[in-house]
Protein chains: 6
Amino acid sequence: MKTSVYRKSHFNSAHRLHNPLLSDQENESIFGKCNRPNYHGHNYELIVKVTGEIDPISGYVIDMKILADLIKDHIEEKFDHRNLNLDTEEFATLNPTAENIARVIYDILRPKIDKKFDLGIRLYETERNFVEYPG
Amino acid sequence: MKTSVYRKSHFNSAHRLHNPLLSDQENESIFGKCNRPNYHGHNYELIVKVTGEIDPISGYVIDMKILADLIKDHIEEKFDHRNLNLDTEEFATLNPTAENIARVIYDILRPKIDKKFDLGIRLYETERNFVEYPG
Amino acid sequence: MKTSVYRKSHFNSAHRLHNPLLSDQENESIFGKCNRPNYHGHNYELIVKVTGEIDPISGYVIDMKILADLIKDHIEEKFDHRNLNLDTEEFATLNPTAENIARVIYDILRPKIDKKFDLGIRLYETERNFVEYPG
Amino acid sequence: MKTSVYRKSHFNSAHRLHNPLLSDQENESIFGKCNRPNYHGHNYELIVKVTGEIDPISGYVIDMKILADLIKDHIEEKFDHRNLNLDTEEFATLNPTAENIARVIYDILRPKIDKKFDLGIRLYETERNFVEYPG
Amino acid sequence: MKTSVYRKSHFNSAHRLHNPLLSDQENESIFGKCNRPNYHGHNYELIVKVTGEIDPISGYVIDMKILADLIKDHIEEKFDHRNLNLDTEEFATLNPTAENIARVIYDILRPKIDKKFDLGIRLYETERNFVEYPG
Amino acid sequence: MKTSVYRKSHFNSAHRLHNPLLSDQENESIFGKCNRPNYHGHNYELIVKVTGEIDPISGYVIDMKILADLIKDHIEEKFDHRNLNLDTEEFATLNPTAENIARVIYDILRPKIDKKFDLGIRLYETERNFVEYPG
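These numbers come from a predicted model, not from an experiment.

Undergrad: How should the overall build of chain A be read in this particular structure?
TA: When its secondary structure is counted, chain A shows 4 helices and 5 strands. Along the chain direction, N to C, the helices and strands of chain A fall in the order β-α-β-α-β-α-α-β-β. Each of the three principal axes of chain A carries a C-alpha extent, and together these read 60 × 25 × 25 Å. Sorting the 135 residues of chain A into buried and exposed places 59% on the buried side. On chain A, the mean spot of the 18 positive side-chain charges and the mean spot of the 22 negative ones are 2 Å from each other.

Undergrad: It is not clear to me how the relation of the copies chain D and chain A should be interpreted in this structure. Could you clarify?
TA: What relates the two chain copies is a rotation about an axis together with a slide along it. Rotating chain D by 180 degrees and moving it 0.0 Å along the rotation axis overlays it on chain A with an RMSD of 0.0 Å. What the superposition gives is, in effect, a two-fold axis relating one chain to the other. A share of 100% of the interface residues of chain D reappears at the interface of chain A, consistent with the copies meeting face to face through the same patch.

Undergrad: Please clarify how the interface of chain D and chain A should be interpreted in this entry.
TA: Frequently, the measure chosen for interface size is the accessible area removed from exposure when the parts meet. Counting residues at the interface gives 24 residues for chain D and 24 residues for chain A. Here chain D meets chain A over a buried area of about 2000 Å², counting both sides, of which 43% is carbon and sulfur. Along the contact surface separating chain D from chain A lie 2 salt bridges. For the pair chain D and chain A, the number of links is 21 residue pairs in polar contact (both at pLDDT 80 or more). Of all the elements in the fold, those that place two or more residues in the side of chain D that touches chain A are β1 (3-15), β2 (40-52), β3 (82-83) and α3 (84-87) of chain D. Top element by residues in the side of chain D that touches chain A is β2(D). It accounts for 5 residues. In terms of residue class, the side of chain D that touches chain A is made up of 4 nonpolar, 11 polar and 9 charged.

Undergrad: When you look at unusual backbone geometry in this model, what are you seeing that I'm missing?
TA: Trans peptide bonds make up the majority, and among non-glycine residues the majority have a negative phi. In this structure, the amide linkage connecting C:Y133 to the following residue, C:P134, adopts the cis form with an omega of -5 degrees. Along the chain, the position of C:P134 falls in the segment after β5 (129-133). Notably, A:H81 is not glycine yet its phi reads approximately 55 degrees, a positive angle. Among the secondary structure elements, A:H81 is positioned in the loop between α2 (64-79) and β3 (82-83).

Undergrad: What is the right way to read helix α2 (residues 64-79) of chain C from this model?
TA: Because each turn of an α-helix spans 3.6 residues, side chains separated by three or four positions end up pointing in the same direction. Residue and element names in this part refer to chain C. When the terminal C-alpha atoms of α2 are compared, their 21 Å separation across 16 residues agrees well with the 22 Å that a helix rising 1.5 Å per residue should span. The sharpest bend along α2 measures roughly 35 degrees and falls at K72. The set of residues buried in α2 consists of M64, L67, A68, L70, I71, I75 and F79. Residue D63 occupies the N-cap position of α2, its side-chain oxygen lying 2.8 Å from the main-chain nitrogen of K65.

Undergrad: What am I meant to see in the side chain of A:T126 here?
TA: By secondary structure assignment, the location of A:T126 is in the loop between β4 (118-124) and β5 (129-133). On the basis of relative accessibility, which here comes to 7%, the residue A:T126 falls in the buried class. A distance of 3.1 Å separates the side chain of A:T126 from the backbone nitrogen of A:R128, its partner in a polar contact. In terms of polar contacts, A:T126 uses its side chain to reach the backbone amide nitrogen of A:N129, at 3.0 Å. Not counting residues within four places of it along the chain, the set of residues in contact with A:T126 comprises A:H42, D:N12 and D:N43.

Undergrad: Help me understand the packing of helix α2 (residues 64-79) of chain D against helix α4 (residues 98-109) of chain D in this model?
TA: Residue and element names in this part refer to chain D. At a closest axis distance of 11 Å, the pairing of α2 and α4 adopts a crossing angle of 140 degrees. Overall, the two elements α2 and α4 adopt an arrangement that is oblique. The hand of the α2/α4 crossing is right-handed. Seen from α2, the contacting residues are L70, H74, I75, K78 and F79; seen from α4, they are V104, I105, I108 and L109.

Undergrad: Would you mind showing me how to read the pattern of salt bridges here?
TA: Note on pairing: side chains with opposite charge can pair once their charged atoms come close. The full count for this structure, using the stated rule, is 42 salt bridges over all chains. Note that A:R128 is salt-bridged to A:E127, the shortest N-O span being 3.5 Å. Looking at A:E127, the relative accessible area reads 29%, which means it is partly exposed. Several salt bridges converge on common partners, so that one network encompasses A:K8, A:E45, E:E127 and E:R128.

Undergrad: Please clarify how the pairing of strand β5 (residues 129-133) of chain B should be interpreted in this entry.
TA: Every other side chain in a regular strand lies on the same face of the sheet, so the side chains alternate between the two faces. Here β5(B) lies mainly inside the structure; 5 of its 5 residues are buried. Because side chains alternate across β5(B), one face comprises the buried residues B:N129, B:V131 and B:Y133, and the other comprises B:F130 and B:E132, equally buried. As paired strands, strand β4 (residues 118-124) of chain B and β5(B) are joined by 4 bridges and run antiparallel to one another. The residue of β5(B) that forms the bridge with B:L123 is B:V131. Taking the residues that link successive antiparallel strands as the turn, the β4(B)-β5(B) hairpin has 4 residues. Strand direction decides the pairing type here: β5(B) and strand β1 (residues 3-15) of chain E, joined by 4 bridges, are antiparallel. Pairing of B:V131 across the sheet is with E:V5, part of β1(E).

Undergrad: Whenever I open this one, the environment of C:V50 confuses me. Can you help?
TA: All names here are of chain C. One can find V50 in strand β2 (residues 40-52). Residue class for V50 comes out buried when judged on its relative accessible area of 0%. Between the C-alpha atom of V50 and that of P20, which follows or precedes it by 30 residues, the distance is 35 Å. In contact with V50, not counting residues within four places along its chain, are T3, S4, V5, V61, I62, L67, I113, F117, D118 and L119.

Cut-off values and rules
What you see as residue numbers is a count from 1 along each chain, following the sequence as written. Chains carry letters from A onward and ligands carry numbers from 1 onward, assigned in written order. The model is predicted, so local features are restricted to residues of pLDDT at least 70 and side-chain atom pairs to those at 80 or more, both for listing and for counting; the totals for chains, interfaces and linings are taken over all residues. Side-chain numbers here rest on the full set of heavy atoms in the structure, without hydrogens or water. Strands are runs of DSSP state E lasting at least 2 residues, helices are runs of H or I lasting at least 4, and numbering of each runs from the N terminus. Residue exposure (1.4 Å probe, protein chains only): buried if accessible area is under 20% of the type maximum, exposed if over 50%, otherwise partly exposed. Charge convention: Lys and Arg are scored as positive, Asp and Glu as negative, and His as well as the terminal groups of each chain are ignored. Each charge is placed at NZ for Lys, CZ for Arg, CG for Asp and CD for Glu. Copies overlap after least-squares fitting; the atoms used are the C-alpha atoms of residues with pLDDT of at least 70 in both. Whether two residues touch is decided by their heavy atoms; if any such pair falls within 4.5 Å, the residues are in contact. Buried area: the accessible area, evaluated with a 1.4 Å probe, that two parts lose upon being put together, summed over both parts. In what follows, salt bridge is the name for a side-chain nitrogen of Lys or Arg lying within 4 Å of a carboxyl oxygen of Asp or Glu. A 3.5 Å cut-off defines polar contacts: any pair of N or O atoms within that distance qualifies, except that in protein one atom must be a possible hydrogen donor and the other a possible acceptor, and neighbouring residues in sequence count only when both atoms are side-chain atoms. Residues are grouped as follows: nonpolar covers Ala, Val, Leu, Ile, Met, Phe, Trp, Tyr, Cys and Pro; charged covers Asp, Glu, Lys and Arg; every other residue, Gly included, is treated as polar. Given the number of residues in a helix, its expected span is that number minus one, multiplied by 1.5 Å. The bend at a residue is defined as the angle formed between two axes, one fitted to the seven residues ending at that residue and one fitted to the seven starting there. Between N-to-C directions, angles span 0 to 180 degrees; the directions come from axes that are lines fitted to C-alpha atoms, helices contributing only their stretch in contact. Roughly parallel refers to an angle under 35 degrees, roughly antiparallel to one over 145, roughly perpendicular to one between 65 and 115, and oblique to any angle outside these ranges. Helix crossings get a hand from a simple test, with the near helix turned counterclockwise from the far one by less than a right angle marking a left-handed crossing and a clockwise turn marking a right-handed one. Note on pairing: two strands pair once DSSP finds at least 2 bridges between them.

Written out as structure tokens, the structure reads:
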């Protein structure tokens, strides 16, 4: 049986939900106050899950320091204290919903983690709203 | 791959664990202090999980406001500041264990959420005891 | 300078806010859904604070095991898995608001803790509503 | 002895730390990544504390519903899902540090709460950084 | 569909990560500050998950008191306020990583819980690092 | 009125409660399982409180980055992943109770923080037991 390890981190970002293909009225109808033009923000909490076999030498599935550094270098550096819509190429055209942010984080980390491991992303936008990819 | 979204809410209820088909002694033996006649209570925390595809227009799996309103109208309105045994038809004869409450919540919400979505219920009776349905 | 030590515990109780000196209409107007006749309930979290000098032999302000036992014997035994209105003499006529519960707990514990110590009570009725006595 | 009651709420805002009287270099030196031009954001958690006597009729210091509505109408409506720098007159020229936000919230609520009560504000910018006013 | 129940407990232990088959330099390279010779420690939080059918008489999957007692007698008694490396036979030669501790807890509890139930272990070493077995 | 700012950090340490001036029997009687010879450990959570005036230029009471660095350099570096009894001069002869650890942290930080500020230490040994100095 496999074992999963989880690493929690966080980043604080501004964002706005908006689909440029929709009218202003449609955007407001779908996204409500999340569509307001001047952005709002969140303390995002990210939990990265890696599943695999325990290495018999180290007793680790994966070295948590290496995993933490991957998250720091490729996720926190990119998203922390940034405006997701304005400051990142990932969300230049993609709507930064929690669902899409989780999928983007998955796509960034997946090629950097050995294929023998399964990868999962949990992202808390607030304490009350969170998402998982894959679900 | 699918994505799951989670919405957390809460309700504060009184209840008592009791099976009328059992003797008083059996009830006390099985349910202990949870069987005391005048009820006790909990701050129940409910996490509803909906799994499906991300809609390409909205970037949502499901509109969280709609999900939050469903939970408010059909779960909180029914159970919050109520005595589960005395004030609800669901637990008039069904023992309100956390397991049964989770199943009842599932059965209430399932027909109200599109069949294309999977549904999951997590219910915290206390910080130390919680359940999931389906498990 | 003095040092404070804090001990957290919890009890799960049913209660109802009601003042028998008021009319039904006044009770409902003041207490809203907290006045519903069949009770609701909470996971109360209690934090007891004791302030004094550090004992040079033990390095303790007060032995936490003794403090924990006091709370268990005199607060949890009395209130846990009980209906505050029906099962306790303290709230037979006193309205069990969080404010009054905190004051009652203070009055129970104060004579059992050496006068050289200051005593404080924090009581969470929910994560969002809590009280402190003395305030 | 008086009693304190606490009410927790939250708002999600974008902001940027910047003092227009300072040079760009000084701003970056003092505020670091919090000075980035396109804003970042936080899930602010607000705890409002009101201290006074317990009313003998209600058993309340203050009706929590009234306090919650005051916070909703005058703080959440103003700051939630807003850009503090761009969307509020309070921070049009005042730097929206956690310290200043707490003081502004105090100044908004103080005239709306009876003078017989003491008022305190605790504001969490993140789980790791928070402030209190008065301190 | 089955239901899962979860029970949370905790134990406070000292440990050190070290593989005697490796050189001192390799140990330090792999385990960093976790390899320091005089031990450090953690407040471990353990969540045990049991999955099965709801018993129609009790409304329980498994009696939480029985589950809590199993955890207390066989896990807390063994690991709480102990040095995992020095005081337990389980980690006399096995490196006490979170992954290995979770697996050991599974192997202790599995034969004590009816085969009709599935068993899962979640172990928090810190709030930021945790593991699950099976993963 | 002054403002307080709080910064949370953490360190993971082994310790043992023991007073060499007492007999083994007295040590066991006072400290119970905390006296076991091979140490146990905790995830200590530290909250440092600094109280003063808000600086009109920065809007800060104190730069949180400077405060965080002070805590990192002088507290975490010294205590994290250490055995408090064996690896630190502070607790070579002083019993490392939570009360004494808080006082030692105060004494380390006090001279490094401007006298115009008040300083307070809150230390969580576990979620259930914590201390404050000054109290």
